[in-house]
Amino acid sequence: MDPSRSEPSGQSTAGPAAWRREFPALDAPVHGRRLAYLDSASTALKPRAVIDAVVRVFTHQAGNVHRGVHALSEAATEAYDAARDDIARFLGGRPDEVVLTSGTTGALNLVAHSWGRAHVGPGDAVIATALEHHSNLVPWQALCAERGATLRIAPIDDRGRIDLEALAGLLDDRVRLVAVSQLSNVVGTIAPVAEIAALAHAAGAIVVVDGAQAVAHLAVDVAALGCDFYAFSGHKLFAPPGTGVLWGRRALLEAMPAWQTGGEMVASVDYARARLREPPHRFEAGTPNIAGVIGLGAAIRYLATLDRAAIARHEARLHARLREALAGEDRVRVLGAPEAAVVAFTVAGAHPHDVATIVDREGVAIRSGHHCAEPLHHRLGADASARASLALYNDDADIDALIAALARVREVLR
Ligand code: PLP
């Protein structure tokens with residue numbers, strides 16, 4: 001048996017304290033304090049199972065994939081191919097619908113450059129919601145500019161919810177594609193993806209879902225969502241950075257031209273031309289992030305050993321506490337009405353970077369800035385915000401630490 005397939009050592013499904021023990025980054029104090037890591041929406045910490053899998057690649061599976069007949073290459077290939085199977089199972093899709101990319105950004109650019117250039121022409125339209133991360137906005141802006149198409153923005157309300165009626169009003173027979181994030185990385189609202197997909201399909205458009213934030217928190221089943229493409233990043237799902245996934249409906253992938261070309265994506269080549277391989281390999285030119293992908297498979301298998309319903313309950317309780325605690329703080333304004341995982345906020349009289357810097361000195365890691373969602377911040381009447389985000393390893397002490405650190409912010413900035 002491939003050793004990378006072994007279960008996480010010493011893991012327990014018992015609950016938050018046991019989940020926390022699997023993440024060694026939490027063991028090291030920061031500025032002499034217990035670390036309250038509240039920045040998992042930016043990148044999640046890695047469990048021992050993932051760290052061990054990556055170390056194993058470089059010690060026992062150090063060959064290239066799909067290119068050698070020697071033992072190390074075969075060991076790497078076996079573990080790498082198995083990761084694709086794990087990812088497919090995780091999403092409820094088939095392995096031949098899973099394209100391995102460098103991240104959500106890579107996956108969305110692949111759709112824009114390949115499917116987009118082939119299907120979006122002059123006079124056509126693309127819809128993105130007002131919630132989108134730059135990764136799910138700028139590729140569509142660029143595509144529309146290049147193809148003479150128009151980008152339409154589906155509005156949101158002040159709570160950060162997509163206005164479905166307004167979105168339906170934007171859909172007509174010129175719209176080729178609707179882009180939506182399943183879980184907002186700023187306002188933490190959950191999009192009604194299945195409803196959006198039904199509306200879009202009725203108008204003849206396809207639906208691209210940015211699952212970067214959703215994968216670590218919500219159950220993802222691409223069939224139930226009814227989407228056509230689903231993109232996510234490994235590093236937000238407890239796996240190494242530089243890995244990502246584009247799931248696509250098989251029929252769409254088969255009809256898509258290559259975007260990047262080179263080794264491994266070709267069936268045969270002569271000096272004049274190349275015959276391309278079938279998807280997903282057609283979209284995977286060059287040596288991939290072997291250790292990262294094997295680490296992503298390990299992350300998914302690690303999650304499969306846990307009670308995900310218990311994790312969802314734990315995160316929902318913490319999220320409610322975080323939201324209420326922040327909303328009750330003097331001079332704090334929470335952006336929108338967050339439903340899961342993240343809470344973005346401003347502190348009157350303090351720049352978010354100053355807030356994040358001061359709380360860091362207290363051992364609390366949060367994000368500050370516009371979180372790659374500049375238009376959304378402007379829509380919500382803010383230039384930037386601080387953002388606390390949760391994962392299974394957080395606990396009440398982390399929230400207490402943030403609230404205590406915010407008192408320190410007010411003291412320093414008084
Ligand atoms: N989409 C959303 C909603 C995100 O939160 C992020 C990252 O923060 C991305 C896309 C981009 O992900 P990556 O930088 O891993 O490609």
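Residues numbered from 1 in each chain as written. Predicted model: local features only at pLDDT ≥ 70, side-chain atom pairs only at ≥ 80, totals over all residues. Heavy atoms only, no water.

## Examining the environment of F345
Along the chain, F345 falls in strand β12 (residues 342-347). Sequence separation of F345 and R323 is 22 residues, and the distance between their C-alpha atoms is 9.6 Å. Residues in contact with F345, not counting those within four places in the same chain, are L326, V332, R333, V334, L335, V355, I366, S385, A386, R387, A388 and L406. (Helix = DSSP H or I, 4+ residues; strand = E, 2+ residues; numbered from the N terminus. Contact = heavy atoms within 4.5 Å.)

## Quick notes on the site of the ligand
T104, T105, H133, S135, N185, D210, A212, Q213, S233, H235 and K236 make up every residue found near the ligand. Between H133 and the ligand, the recorded distance is 3.4 Å, taken from a side-chain N or O atom to an oxygen atom. Protein chains bury 86% of the 390 Å² of accessible surface belonging to the ligand in isolation. The residue makeup of the shell around the ligand, split by class, is one nonpolar, eight polar and two charged. (Near = heavy atom within 4 Å. Polar contact = N/O pair within 3.5 Å; in protein donor to acceptor, adjacent residues only side chain to side chain. Areas by Shrake-Rupley, 256 points an atom, 1.4 Å probe, with all protein chains shown as cover. Nonpolar A, V, L, I, M, F, W, Y, C, P; charged D, E, K, R; others polar.)

## Description of the environment of V30
You can see V30 is positioned in the loop between α1 (16-21) and β1 (36-37). A relative accessible area of 25% means that V30 is categorised as partly exposed. Considered as a pair, V30 and V364 are 334 residues apart in the sequence and their alpha carbons are 8.3 Å apart. Among residues more than four places away in sequence, those in contact with V30 are L35, D360 and G363. (Buried < 20%, exposed > 50% of the residue type's maximum accessible area, 1.4 Å probe, protein only.)

## Considering the confidence of the model for the chain
Taken as a whole, the chain shows an average pLDDT of 95; of its residues, 97% reach a score of 70 or greater. Long-range and interchain partners of residues 6-12, a stretch whose pLDDT sits below 50, account for 16 contacts in this model, where long-range means more than four residues apart. (pLDDT = per-residue confidence, 0-100.)

## Observations concerning the pattern of salt bridges
All chains considered together, the criterion is met by 27 salt bridges. Across the pair D398 and R34 runs a salt bridge whose closest N-O atoms are separated by 2.8 Å. Taken together, the positions of D398 in helix α14 (residues 396-413) and R34 in the loop between α1 and β1 put the pair 364 residues apart, joining distant regions of the chain. For R250, the salt bridge goes to E278, with nearest N and O atoms at 3.9 Å. Pair noted here: R250 is in helix α9 (residues 250-254) and E278 is in the loop between β10 (274-276) and α10 (290-304), with a separation of 28 residues, a long-range link. Overlapping salt bridges bring together R94, D96, R250, E254 and E278 as one network. (Salt bridge = Lys/Arg side-chain N within 4 Å of Asp/Glu carboxyl O.)

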